[in-house]
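# A closer look at the structure
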Amino acid sequence: MIRLHVNIDHVATLRNQRDTSYPDIVQAAELCLEAGAQGITVHLREDRRHIRDGDVERLRAVLGPNGSAGRADSILNLEMAATDEMCEIVRRIRPDMVTLVPEKRNERTTEGGLDAIATRGAIERVAAACAEVQARLSLFIEADPAQIRVAPELGAVQVELHTGHYAEAAPPERPRFLERFVACAELSHELGLHLAAGHGLNIENVGPIVAIPHMAELNIGHSVVCDAVMKGLGQAVRDLLLAMKR
Ligand code: PXP
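Just so you know, the residues in each chain are numbered from 1, in the order the chain's sequence is written. Reporting in this predicted model follows two pLDDT cut-offs: at least 70 for local features of residues, and 80 or more for side-chain atom pairs to be given and counted; totals over whole chains, interfaces and linings ignore these cut-offs and use all residues. The basis for every side-chain value is the complete set of heavy atoms in the structure, and neither hydrogens nor water enter the calculation.

Here we take up the overall build of the protein chain. Strands here mean DSSP runs of E at least two residues long; helices mean DSSP runs of H or I at least four residues long; both are numbered from the N terminus. Of regular secondary structure, the protein chain possesses 10 helices and 8 strands. C-alpha atoms define the radius of gyration in this analysis, and the globule rule sets the expected value at 2.2 Å times the number of residues to the power 0.38. Relative to the globule expectation of 18 Å for 246 residues, the C-alpha radius of gyration of the protein chain, 18 Å, shows essentially globular dimensions. Across its three principal axes, the protein chain shows a C-alpha extent of roughly 65 × 45 × 35 Å. Out of the 246 residues in the protein chain, the part that is buried amounts to 47%. Note on definitions: a residue-residue contact is assigned when non-hydrogen atoms from the two residues lie within 4.5 Å. Taking all contacts inside the protein chain whose residues are at least 6 apart in sequence as the whole, residues at least 24 apart take part in 64%. Roughly 12,300 Å² of accessible area belongs to the protein chain as shown, and the carbon and sulfur atoms make up 56% of that amount. In the protein chain, the 27 positive side-chain charges and the 35 negative ones have mean positions that sit 5 Å from each other. Exposed residues in this analysis have more than 50% of their type's maximum accessible area, buried residues have under 20%, and partly exposed residues fall in between, with area computed by a 1.4 Å probe over protein chains only. Shrake-Rupley sampling with a 1.4 Å probe provides the accessible areas, and residues are treated as covered by the protein chains on show and by no other component. We count Lys and Arg on the positive side and Asp and Glu on the negative side, and we leave His and both chain ends out. Lysine's charge is taken at NZ, arginine's at CZ, aspartate's at CG and glutamate's at CD.

In structure tokens, the structure reads:
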């Protein structure tokens, strides 16, 4: 059974457009869990453009064995850059999992995988913070065997394969990406690493990713929030028309 962790960053994007208290991030997390998701992923970016520190604190209180959602198996996965500021936040908030991503100020979303070889020192500092609070460390990387081989040495217990290029490719191009994912999956398994995948996944392209051997976890966000808008818009209009009639 592959775990689904829903990335709810873009619920916060909508809220921040008007600086309202809605849509509420905790309510969004609870809806995802009620629907069967096993965890919530949020990316606390340096510029706080969507998720803010207070959101992560509130989500901490909802998820996990002591969380108010009453779902002992649910987890809080904190995506972040490998900075000293974020290490302090890990120590304070104690997420269940930390996923390290490369972060560029001007990117619209995470553009590529982490270069774990080049940023070794920074990753080791995050690994130390994770060890202090028993958070599991995952590295978001391209499907590159060299990046996977270095992960256990750096204290990571999981790698998350970047599926963004696969998702953007035309369907006839996809087998090429999938072959690479399968080779990386086998290598991760040999090294004792858990395997996750994410970025750009949706209802249409998720099937072959689920079929990758040893796949344990998916992190999916943007398409879920987009689907939620299109599936909920009609009901929202019906509710508004009812309110106008009353
Ligand atoms: N995994 C990682 C490491 C990410 O950075 C993101 C985007 O924040 C996702 C998964 C989710 O990607 P998407 O929003 O395209 O589903």
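Turning our attention to the site of the ligand. Nearness here has a simple test: a residue counts as near a molecule or strand if at least one of its heavy atoms is within 4 Å of that partner. Lining the immediate environment of the ligand, one finds 14 residues, of which Glu79, Glu160, Gly200, Gly221 and His222 sit closest. Within the side chain of Glu79, a nitrogen or oxygen atom sits 3.0 Å from an oxygen atom of the ligand. Any pair of nitrogen or oxygen atoms within 3.5 Å is treated as a polar contact; in protein, a donor-acceptor pairing is required on top of that, and neighbouring residues in sequence qualify only through side-chain atoms on both sides. The backbone of His222 places a nitrogen or oxygen atom 2.8 Å from an oxygen atom of the ligand. For the ligand, whose unbound accessible area comes to 400 Å², protein coverage reaches 95%.

Let's shift gears to the side chain of Thr163. Residue position: Thr163 is located in the loop between β6 (158-162) and α7 (164-168). Since its relative accessible area comes to 1%, Thr163 is described here as buried. In terms of polar contacts, Thr163 uses its side chain to reach the backbone carbonyl oxygen of His199, at 2.7 Å. For Thr163, the residues in contact, after removing those within four places along its chain, are Phe181, Ala197, Gly198, His199, Leu201 and Ile209.

As a further point, take the packing of helix α4 (residues 84-93) against helix α5 (residues 120-132). Following both chains from N to C, one finds α4 and α5 inclined at 10 degrees, their axes separated by 9 Å at the closest point. Between α4 and α5, the crossing angle belongs to the class labelled roughly parallel. Contacts between α4 and α5 involve Asp84, Cys87, Val90 and Arg91 from the former and Arg125, Val126, Ala129, Cys130 and Glu132 from the latter. Residue polarity is assigned by list, with Asp, Glu, Lys and Arg as charged and Ala, Val, Leu, Ile, Met, Phe, Trp, Tyr, Cys and Pro as nonpolar; anything else, Gly included, falls into the polar class. Among the residues making up the contact of α4 with α5, the classes are represented as 5 nonpolar, no polar and 4 charged. To obtain an axis, a line is fitted to C-alpha atoms, over the contacting stretch when the element is a helix, and the angle between two such axes runs from 0 to 180 degrees between their N-to-C directions. Here the angle decides the label: under 35 degrees means roughly parallel, over 145 means roughly antiparallel, 65 to 115 means roughly perpendicular, and every other value means oblique.

The next subject is the packing of helix α2 (residues 25-34) against helix α3 (residues 53-62). For any two helices packed against each other, one specifies the inter-axial angle together with the distance between the axes. Interaxial distance between α2 and α3 falls to 9 Å at its minimum, and their mutual angle equals 40 degrees. By the angle between their axes, α2 is oblique relative to α3. Relative to α3, the crossing made by α2 is right-handed. Side by side, α2 and α3 meet where Ile25, Val26, Ala29 and Glu30 of the first sit next to Asp55, Arg58, Leu59 and Val62 of the second. Per-class residue counts for the contact of α2 with α3 are 5 nonpolar, no polar and 3 charged. In this scheme, a crossing is called left-handed if the near helix is turned counterclockwise away from the far one by less than a right angle; it is called right-handed if the turn is clockwise.

Within the secondary structure, Ile212 is located in the loop between α9 (207-210) and β8 (215-220). Its relative accessible area of 5% is what places Ile212 among the buried residues. Once residues within four sequence positions are removed from consideration, Ile212 is found in contact with Leu178, Phe181, Val182, Ala185 and Leu195.

Glancing now at the pairing of β6. Regular strands have side chains that alternate between both faces of the sheet. By the criterion of burial, β6 is predominantly enclosed, with 5 of the 5 residues buried. Alternating positions in β6 separate into two faces, Gln158, Glu160 and His162 on one and Val159 and Leu161 on the other, with burial throughout. Between any two strands, pairing holds if DSSP finds at least two bridges. Sheet analysis places strand β5 (residues 136-141) next to β6, joined by 4 bridges and oriented parallel. Looking at the pairing, Leu139 lines up with Val159 of β6. The β-α-β motif built from β5, the intervening helix α6 (residues 145-150) and the parallel element β6 has right-handed crossover chirality. Whether a crossover is right-handed depends on one test, that the path from the first strand over the helix to the second runs clockwise when the strands point away from the viewer.

Moving on, we come to the pattern of salt bridges. Within this document, salt bridges are pairs made up of a side-chain nitrogen of Lys or Arg and a carboxyl oxygen of Asp or Glu, the two lying within 4 Å of each other. Within this structure, the stated rule accounts for 16 salt bridges. Here Arg92 ties to Glu57 by a salt bridge, and the two come within 2.6 Å at their closest N and O atoms. Within this pair, whereas Arg92 is found in helix α4, its partner Glu57 is found in helix α3, the two being separated by 35 residues in sequence. Owing to a relative accessible area of 47%, Arg92 belongs among the partly exposed residues under this scheme. Several salt bridges converge on common partners, so that one network encompasses Arg48, Asp53 and Glu85.

This is a description of form; function is not addressed.
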